[in-house]
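Commentary on secondary and tertiary structure
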Amino acid sequence: MTSPFDDLRLVLAQLPEGDTCAAKKICANDENIMVDNGDGLHGLKCWLGVWQGTESPSVEEAHICVLASCYAGYDNESVKTFIGDASRGRAPVNRLCVDRGVGLRVLELAPDIPYDINAPWGQADCMAAVAFGMEATAAGGHLLALSEMAPGNLVSALAIVVSLEAGDPVDVLKRYEEQVSVSDETMHKVLTELRDLFIGKVNVSKDPLEILRIYGGREVAASVGAIIAARSRRLPVIIDGWSALAAVVLLEAESPGATEHVQVASYVDALAEYVACGANKRALLGFPVQSGAGCGNAISVGLLKAACDL
């Protein structure tokens, strides 16, 4: 009898490849394009062409999806405020979207029922969140951008990323601490919380999907679903935030190459840059935007539009 995770692995095994012929056509049309290293705007145009399957890629129909959730021990008022502001067009990302002709959608993942990372869910519930995240691609278009508004998600996202690395998680954390500024009290508090979470746990599975079940919150699981659904549609994706980054690291651990259609819009902080580089992802923007959920994505769409205009 198959499990929900077996079904997900079957989907991952059947993900389509990109259209490399499209990239060759783009290259033939512009001798300045360097497909091999993927650098610069030309490289981005090739990347879009590969996943859109066209020599004339576009991001005119780009959609940002913000996954809204919350964790036990954290106040969900900021999530409610964001949802309300976004629905009325008053969130910072709204202004950036209007200026760039980008669509915006907020998917609510029960922010009124904070997820407790110390009470792992079963495979069926985890897969329900993955399936819900697949709705992020419902609008279709040329590009999907993923972000999150989920107070407390740092612990969940980092627990996944750290657990996927070889070795004892407590030892891995020491390397992560070296990437964090001494003055970053918030991040050091999170790392301390992670150490307490890991201490005493023995023989924890290194299976990526099992790690998702143990440590992943709703918006992390939803990010996994959104990224998989986008790949199935050959829809390029840009991500902004820790939850989607954790989803990328997890999917690459489960099925190497599963996130070739994904680019990082911007790094949240130096530690996120360290993690992204470990997953062979470079940010489109070389600085943390830090202006609210989805803002890095919205700015990056402008960069991708410039690439398409070449």
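Calculation notes
The residue numbering used here restarts from 1 in each chain and proceeds along that chain's sequence as written. At least 70 in pLDDT is required for a residue's local features to be given in this predicted model, at least 80 for side-chain atom pairs to be given and counted, and no such filter applies to totals for whole chains, interfaces and linings, which use all residues. Just so you know, side-chain values use all the structure's heavy atoms and leave hydrogens and water out. Confidence of the predictor in every single residue is expressed as pLDDT, which spans 0 to 100. Secondary structure follows DSSP: runs of H or I at least 4 residues long count as helices, runs of E at least 2 residues long count as strands, and numbering of each begins at the N terminus. Between the rings of Phe, Tyr and Trp (Trp by its six-membered ring), a pair exists once the centres lie within 6.5 Å; its type follows the angle of the planes, with under 30 degrees stacked, over 60 edge-to-face, and the other angles tilted. Type-normalised accessible area, obtained with a 1.4 Å probe on protein chains alone, sets the label of each residue: buried when under 20%, exposed when over 50%, and partly exposed for intermediate values. Using a 1 Å grid laid over the protein atoms alone, points where a 1.4 Å probe fits but cannot get out form a cavity; open sets with protein on both sides within 12 Å along at least 5 of 7 lines form a pocket; any residue with an atom within 4 Å of a point counts as lining. Grid points are joined across faces, edges and corners, and a volume is the space filled by probe spheres set on the points. Two strands form a pair only when DSSP identifies at least two bridges running between them. By convention, a crossover is right-handed whenever its connection, traced from the first strand over the helix to the second and viewed with the strands pointing away, goes clockwise. Directions drawn from the helix axis to the C-beta atoms are what define this arc. Here a residue-residue contact requires only that any non-hydrogen atoms of the pair lie within 4.5 Å. Residue type decides the class: Asp, Glu, Lys and Arg count as charged, Ala, Val, Leu, Ile, Met, Phe, Trp, Tyr, Cys and Pro as nonpolar, and the leftover types, Gly among them, as polar. The working definition used for a salt bridge is a side-chain nitrogen of Lys or Arg within 4 Å of a carboxyl oxygen of Asp or Glu.

Turning to the confidence of the model for the protein, a few remarks are in order. Of all residues in the protein, 95% attain a pLDDT of 70 or more, and the chain-wide mean is 91. Mean pLDDT values over the elements of the protein span from 80, in helix H2 (residues 20-29), up to 98, in helix H11 (residues 218-232).

Now for the packing of aromatic side chains. The way to describe two aromatic rings as a pair is by their centre distance and the angle between their planes. All told, the structure shown has four aromatic pairs when counted by the stated rule. Judged by centre distance (5.5 Å) and plane angle (85°), the rings of Tyr176 and Tyr274 are edge-to-face. Note that Tyr176 is positioned in helix H8 (residues 169-177) and Tyr274 in helix H13 (residues 270-278), a separation of 98 residues in sequence. For the pair Phe198 and Tyr215, a centre-to-centre distance of 5.8 Å together with 90° between the ring planes defines the contact as edge-to-face. Of this pair, Phe198 sits in helix H9 (residues 185-198) while Tyr215 sits in helix H10 (residues 208-215); the two residues are 17 residues apart in sequence, bridging distant segments of the chain. Pair check on accessibility: Phe198 and Tyr215 agree, each one buried.

Turning next to empty space enclosed by the protein. One water molecule sets the probe size; rolling that probe over the atoms shows where empty space is left. Summed over all chains, the structure comprises one cavity of 30 Å³ or more. Empty space within the largest cavity amounts to approximately 40 Å³. Lining the largest cavity, in full, are Ile239, Asp240, Gly241, Leu245, Val264, Ser266, Tyr267, Val268 and Ala272. Taken together, the elements giving at least two residues each to the lining of the largest cavity come down to strand E4 (237-240) and strand E5 (262-266).

The next thing to look at is the pairing of E5. Counted residue by residue, E5 has five buried out of five residues, so it is predominantly covered. With four bridges joining them, E4 and E5 adopt parallel strand pairing. Bridge assignment links Ile239 to a residue of E5, and that residue is Val264. Taken together, E4, helix H12 (residues 242-254) and E5 form a β-α-β motif whose crossover is right-handed.

Okay, H2 next. Turning to H2, its buried residues number three or more, namely Ala22, Ala23 and Ile26. The buried residues of H2 occupy an angular sector of 100° when projected down its axis, which confines them to one face. Away from its buried face, by an angle of more than 90 degrees, H2 presents the exposed residues Lys24 and Ala28. On its buried side, H2 packs onto helix H3 (40-52).

Along the chain, the position of Pro288 falls in the loop between strand E6 (283-285) and helix H14 (295-309). Judged by its relative accessible area of 37%, Pro288 falls in the partly exposed class. With residues near it in sequence (within four places) discarded, Pro288 still touches Tyr267 and Val268.

With that out of the way, let us pick up the layout of surface pockets. Roughly 660 Å³ of volume is contained in the second largest pocket. Forming the boundary of the second largest pocket are 30 residues, of which Glu148, Asn153, Leu154, Trp242 and Val268 lie nearest the centre. Of all the elements in the fold, those that place two or more residues in the lining of the second largest pocket are strand E3 (143-149), helix H7 (153-164) and H9. The element that contributes the greatest number of residues to the lining of the second largest pocket is H9, accounting for five residues. A breakdown of the residues in the lining of the second largest pocket according to their chemical character gives 13 nonpolar, eleven polar and six charged.

Moving on to the pattern of salt bridges. Applying the stated criterion across every chain, the model contains eleven salt bridges. Put simply, Asp207 and Arg9 hold a salt bridge, and the shortest N to O gap is 2.7 Å. With Asp207 in the loop between H9 and H10 and Arg9 in helix H1 (residues 4-13), this residue pair connects regions lying 198 residues apart in the sequence. A relative accessible area of 25% places Arg9 in the partly exposed class. Across the salt bridge formed by Glu177 and Arg195, the nearest N and O atoms sit 1.9 Å from each other. Of this pair, Glu177 sits in helix H8 while Arg195 sits in helix H9, and the two are 18 residues apart along the sequence.

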